[in-house]
Amino acid sequence: MKMTIVFLFTSLFVLPFAGYARQDDSLRMQKTYKMDEVVVTGTRNETDVRHLPFTVSVLNRSTIEEDLRLSLLPLLSEQVPGVFATSRGLMGYGVSGGSAGDISLRGLSGSSSRMMVLIDGHPQYMGLMGHPVADAYQSMLAERVEVLRGPASVLYGSNAMGGVINIVTRGMRHDGAKTSLRAGYGSYNTLETEFTSRILKRRFSAVLGATYNRTDGHRDNMFFEQIAPYVKFGYRVDDHWHLGADVDFTRYAASQPGTLARPLQDADQRVSRGVTSLALTNDYKHTSGGLSVFYNWGKHWINDGYAVDSEGNGNPRLYRFNSRDRLLGVSAYQSGELFRGNRLTGGVDYFAVGGEAWNKYVEGNRKDEREDIADKTLHEIAAYIDFRQHIGSFLTLDAGIRADHHSRMGTEWIPQAGLSFHLPFAIELKASASKGFRYPTLREMYMFPPQNPDLRPERMWNYEVAWSQSLFGGRLAYGVNLFHIDADNLVVAVPREGSTPQNQNTGSLHHNGIEAQVAFRINACWALDANYSYLHMKKPVIAAPEHKFHAGAVFSKKRWNISTTFQYVAGLYTSTAPVVQEEYLLWNMRVRYRFAPWLHFWVRGENLLAQRYEINFGYPMPKATAMIGVQIHF
């Protein structure tokens, strides 16, 4: 009852603006809200978002800094309708059993490889398992985050079936150097630190960053410690050509306690993840493009632990799971204006995805013995073309197609098409139909029962209509979009009589939904925003809430910046056998005080209503928590 009362109060606060919902960005801290946001996701080259027929949300740097959290996932889950990320504690997502950090877009899960995370347009996922690695997505990296909701397979291929999250990394616009340091300490002996230094000197640029974080966790045997350095270099050859390189690395150690019903001992893991890239780009008046080579790698050491009884007795595992994975990619594209109002983009991609996994025995008769699980590499090569044409000032046509060839599964054709109407009174109307697909992962084909090497690609179609408008000189912007998803050939484990289950392409998925968003700048001090998403699923999907509502307010004046947010989640399946659904309301608040131009103090409180809830089944989330810290800029 308390939750319902608070939610109704929050709704009353936001209802005066609830008829307005913003879909194209979340620029809450700007004095005006521009509908001509420039994005690169969904097009490869910088493009006015109005000319794309897809739903794209943008979180800019001011929103990321205002959030005062190290991971990008909680911010995305709050600010972008249709996006939801799971969690199991105050810090650290982990991998393997009991892990969190599953990112879903419209009910299509990243842990099932049906949505993709990019860094500067380069895919980021675990080569063997195919899922994003949530602990690698730090806020210190991001200048902005662009989220394309809906299939992006024409440009990005497999795993972009449900959409993409593209982290655009930071840089400098003018000559000089800027350095920032942020540190905080709070509940459960939690420490957060972050350092970033950016330099631009004529043709040369560099970004250096590092973060160190740790927590004891809110339960026994729940520990997390992470260190993550980041380096990015750039050199402007001339007015048209730019050379860039970066290295991003994270290493963490984590322990997870198991569920309340089945506690675990020694459930420990050590994970190292890295990504490096080299890119050469060009930008002329009528054409732009680039060539990039990138390589992702990872090393995982996992002890899945063992269950204990009420007296603490159990049987430790005799082995540890080990894996090394890799993803090598080469991408080239060029975009040009053939004639007035036209843009034609063509590109080619190559991926080599693979790795090896084994069990290493540490006890018993097989001590020091290695038991191989898999050692595979698969290849993909693709070519795509996207055609966009403006017809007068009121209509933009877009159509694209990709031919993607897999070394085991053959060739897949992926089309998309859409219209964007630019109507009077700053109204935008969009309609699109796009296909998404996903190749089965090495895990599904080769690693553990129910593996099946003869699996075929998953396929889906997304149909969408979107409406948006900007009013009062850009102070108010809203939008709403409707979508329908049909997917088939989905990989599911099918029981077999007298044998273990086997992965087969027999699953289907039918989702309908509505997403709405609003941003309103009341005056120079006050700004409000809200978003809502509704997802209708024929079959329950874990980590895909039926209802997700967010409302926020920001007050900024002189030395003070105060923000508060409410997030209401209902119809969240944490288990389907047995069926378990969660409903909760979270109230968070952040206060920042500028003591001097170079020194800020901040306080962050989360779950201030002390709600009891679970996002991962059997893993209760912490009640009210608090962090206090300092920011230094020079």
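Keep in mind the model is a prediction, meaning the values are calculated, not measured.

**Comments concerning the packing of aromatic side chains**
Aromatic ring pairs are described here by two measures, namely the spacing of the ring centres and the angle between the planes. Per the stated rule, a full pass over the model turns up 13 aromatic pairs. Positioned above the aromatic ring of W301, the side-chain terminus of R270 is 3.9 Å from the ring centre. Taking the ring centre of W358 as reference, the NZ or CZ of R370 above it sits at 4.1 Å.

**Considerations on the sheet that holds strand β6 (residues 108-109)**
The strand order across the open sheet formed by three strands is β4-β5-β6, and the pairing between neighbours is antiparallel. For this open sheet the edge positions go to β4 (83-85) and β6, each flanked by a neighbour on one side alone. Pairing geometry for strand β5 (residues 103-105) and β6, over two bridges, is antiparallel. Within β6, the position partnered with L105 by the bridge is L108.

**Overview of the side chain of N481**
One can find N481 in strand β25 (residues 476-496). At a separation of 3.1 Å, a polar atom in the side chain of N481 contacts the side chain of E464.

**Quick notes on the side chain of E606**
Its location among the elements puts E606 in strand β31 (residues 599-606). Residue classification places E606 among the buried residues on the basis of a relative accessible area of 17%. A polar side-chain atom of E606 sits 3.1 Å from a polar atom in the side chain of R604. Not counting the four nearest positions on each side in its chain, E606 is found in contact with R69, W587, N588, K623, A624 and T625.

**Considering the pattern of salt bridges**
Across all of its chains, the model carries 29 salt bridges by this definition. We note a salt bridge from R402 to D349, for which the minimum N-O separation is 3.1 Å. Remark: D349 occurs in strand β19 (residues 342-361) and R402 occurs in strand β21 (residues 395-406); sequence separation between them is 53 residues. D349 shares its class with R402; the two are buried. Across the salt bridge formed by R402 and D404, the nearest N and O atoms sit 2.9 Å from each other. Overall, the relative accessible area of 0% leaves R402 in the buried class.

Reading guide: rules and limits
Residues numbered from 1 in each chain as written. Predicted model: local features only at pLDDT ≥ 70, side-chain atom pairs only at ≥ 80, totals over all residues. Heavy atoms only, no water. Phe/Tyr/Trp six-rings, centres within 6.5 Å; stacked < 30°, edge-to-face > 60°. Lys NZ or Arg CZ within 6 Å of the ring centre and 35° of its normal. Pairing = 2+ DSSP bridges. Helix = DSSP H or I, 4+ residues; strand = E, 2+ residues; numbered from the N terminus. Polar contact = N/O pair within 3.5 Å; in protein donor to acceptor, adjacent residues only side chain to side chain. Buried < 20%, exposed > 50% of the residue type's maximum accessible area, 1.4 Å probe, protein only. Contact = heavy atoms within 4.5 Å. Salt bridge = Lys/Arg side-chain N within 4 Å of Asp/Glu carboxyl O.

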